[in-house]
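Each chain is listed here by its residues.
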Amino acid sequence: MAMPRIVTLLIAAEFAGDPSAECCGHRESESECMARWEKMTRTLAVSVWRGKEEGDFVTYEVPRRDNQTVLDVITHIQRNVDHTLSYRFACRVGMCGSCAMTVNGKAMWTCRTHVSQVADNGKLELAPLSNLPVVKDLVTDMRDFFDKWARGMGQFKGSRTRNDDFEKVQPDSKARKAADAGIECIGCGVCYGSCDVVSWRPDYLGPAALNRAWTLVNDQRDVQSAQRLSVVAGDAGCHSCHTQGTCTERCPKQLAPTASIAGLKRLLMTSSAGGK
C-alpha cells in the first residue's frame, strides 16, 4: 500500500526545515518514518490473552488484508503462528453467537467485526469475555450465563399439543410487537460481558435472561408468566438493573435489553398495584 500523497507531502514539509525533526512522535529520518508507516498498514500488532484466570498478553504480528474480520485475525494466529491458541467459533456469519470476546476493551462478536472498525493505529487487544470464568485463552465457561437463562424461566411452555390447532396470534398486537422486539437474541453473551451489575453482584440474572423473560411474558401462548414474573422480581432480577444501557449499546443484533428490563419493572409495578 502506497503512502497517500498528502501524508508524503506533510512528512516532506516537516523535514524540510529540520532533517532531525520528530516524525510521527519520534525523532527519526524520513525514510524510517515512511517505512514504519508502510509496515503499520501491512501488518497488525495483535495482543492476545494467553492462560486462564492468571495469564498475560502475548503479541503476534499478523498480515493485514482487505475486508479482514477480527475472527480472521484470530484464526490466522491459531493456524499459522501458534496452534495452541484456544478460541471458540462456529458459523462465522453472526448466527451462533459463539465467537464473542473482548476487543480493545469492549465486548463484541468477532465474525462480523471488521479490523478497520476497531484497530487502533494497527493494534488490537483480544481478551475473553468479562464476568465469566476463563477456561483457556479466549474461551470462557458459559454455564453461568445459560444457568441464569434457565433460572429466569427462559424456556417456552405452551398449553397445546401437536394434536391441537395452532393458536392465532395477532402480529400487530401490542404484546406481540413487544415480544418480537427482543426475540432475535442469539445468546452470544456480549451484553452479559458488558454489564457492570453482573460484575458487582454475580447472582444478578443479567440482560440476556431478563430480555428473554420479557419476550415470554408478552407471548400469549406461554402459560408460565405469573411464575416468571415472581422469579424476575427477586433481588437478583430486574430491579437490580441500574439502567446504564451498555447492554443495548453493544448488542450486535441491535436489541434493547435495557428497554426489556424497564418493561418488566413496569409490569411488576402494575401487577403489585392490582392492575393485572
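See the structure shown above.
A brief look at the structure comes next.

How each quantity is defined
Residues numbered from 1 in each chain as written. Predicted model: local features only at pLDDT ≥ 70, side-chain atom pairs only at ≥ 80, totals over all residues. Heavy atoms only, no water. Phe/Tyr/Trp six-rings, centres within 6.5 Å; stacked < 30°, edge-to-face > 60°. Helix = DSSP H or I, 4+ residues; strand = E, 2+ residues; numbered from the N terminus. Buried < 20%, exposed > 50% of the residue type's maximum accessible area, 1.4 Å probe, protein only. Pairing = 2+ DSSP bridges. Axes fitted to C-alpha atoms, helices over the stretch in contact; angles between N-to-C directions. Contact = heavy atoms within 4.5 Å. Parallel < 35°, antiparallel > 145°, perpendicular 65-115°, else oblique. Left-handed = near helix turned anticlockwise from the far one by under 90°. Nonpolar A, V, L, I, M, F, W, Y, C, P; charged D, E, K, R; others polar.

1. Section: the packing of aromatic side chains
Summed over all chains, the structure comprises 5 aromatic pairs. Aromatic side chains Trp49 and Phe57 sit 5.3 Å apart centroid to centroid with 75° between the ring planes, which places their arrangement in the edge-to-face category. For the ring pair Phe145 and Trp149, a centre distance of 6.5 Å and an interplane angle of 50° mean the geometry is tilted. In this pair, Phe145 and Trp149 are both assigned in helix H5 (residues 143–151), 4 residues apart and thus about one turn of the helix distant. Assigned by exposure class, Phe145 and Trp149 land together as buried. An aromatic cluster is built from Phe145, Phe146, Trp149 and Tyr192, whose rings are joined through pairwise contacts.

2. Things to note about helix H9 (residues 207–217)
Since the α-helix turns once every 3.6 residues, residues separated by three or four places project in the same direction. Extensive coverage of H9 is indicated by the burial of 10 of its 11 residues. Of the positions making up H9, those classed as buried are Pro207, Ala208, Ala209, Leu210, Asn211, Ala213, Trp214, Thr215, Leu216 and Val217.

3. Quick word on the sheet that holds strand S6 (residues 106–108)
Strand order across the open sheet formed by 5 strands is S4-S3-S7-S5-S6, with mixed pairing between neighbours. This sheet does not close on itself; its edge strands, each paired only once, are strand S4 (55–63) and S6. Taken pair by pair, the neighbouring strands of this sheet meet at an average axis angle of 30°, ignoring direction. Of the strand pairs in this sheet, strand S5 (residues 101–103) and strand S7 (residues 123–127) are connected by 2 bridges, and their pairing is antiparallel. Bridge assignment links Thr102 to a residue of S7, and that residue is Ala127. Contacts between helix H3 (residues 70–81) and the sheet are confined to strand S3 (43–51), S4, S5 and S7, with S4 contributing the most and set at about 95° to the helix.

4. Brief notes about the packing of H9 against helix H10 (residues 225–232)
Between two packed helices, both the angle of their axes relative to each other and the distance between the axes serve to describe the pair. One way to put it is that H9 packs onto H10 with a least axis distance of 10 Å and a crossing angle of 155°. One element, H9, and the other, H10, form an angle in the roughly antiparallel class. Read as a crossing pair, H9 and H10 show a hand that is left-handed. Contacts between H9 and H10 involve Leu210, Ala213, Leu216 and Val217 from the former and Ser225, Arg228, Leu229 and Val232 from the latter.

5. Focus: the side chain of Asp219
The residue Asp219 is located in the loop between H9 and H10 in this model. For Asp219, a relative accessible area of 6% corresponds to the buried category. Those residues within four positions of Asp219 in sequence are excluded, and the remaining contacts are Phe156 and Arg176.

6. Observations regarding unusual backbone geometry
Non-glycine residue Asn121 carries a positive phi angle of around 55°. Mapped onto the secondary structure, Asn121 falls in the loop between helix H4 (115–118) and S7. The backbone of Thr243 sits at a positive phi, close to 55°, despite the residue not being glycine. Note on placement: Thr243 falls in the loop between H10 and helix H11 (246–250).

7. What to know about the packing of H5 against H9
Two elements in contact, H5 and H9, have axes separated by 8 Å at closest approach and are oriented at 25°. Relative to H9, H5 is oriented roughly parallel. Our pair here, H5 against H9, has a crossing hand that is right-handed. Of the residues in H9, those touching H5 at Phe145, Lys148 and Trp149 are Ala208, Ala209 and Arg212. Along the lines of polarity and charge, the residues of the contact of H5 with H9 split into 4 nonpolar, no polar and 2 charged.

8. Here we look at the environment of Asp235
Mapped onto the elements of the fold, Asp235 is located in the loop between H10 and H11. When its relative accessible area of 67% is taken as the criterion, Asp235 is described as exposed. C-alpha separation for the pair Asp235 and Tyr204, spaced 31 residues apart in sequence, amounts to 7.8 Å. In contact with Asp235, not counting residues within four places along its chain, are Arg201 and Ser240.

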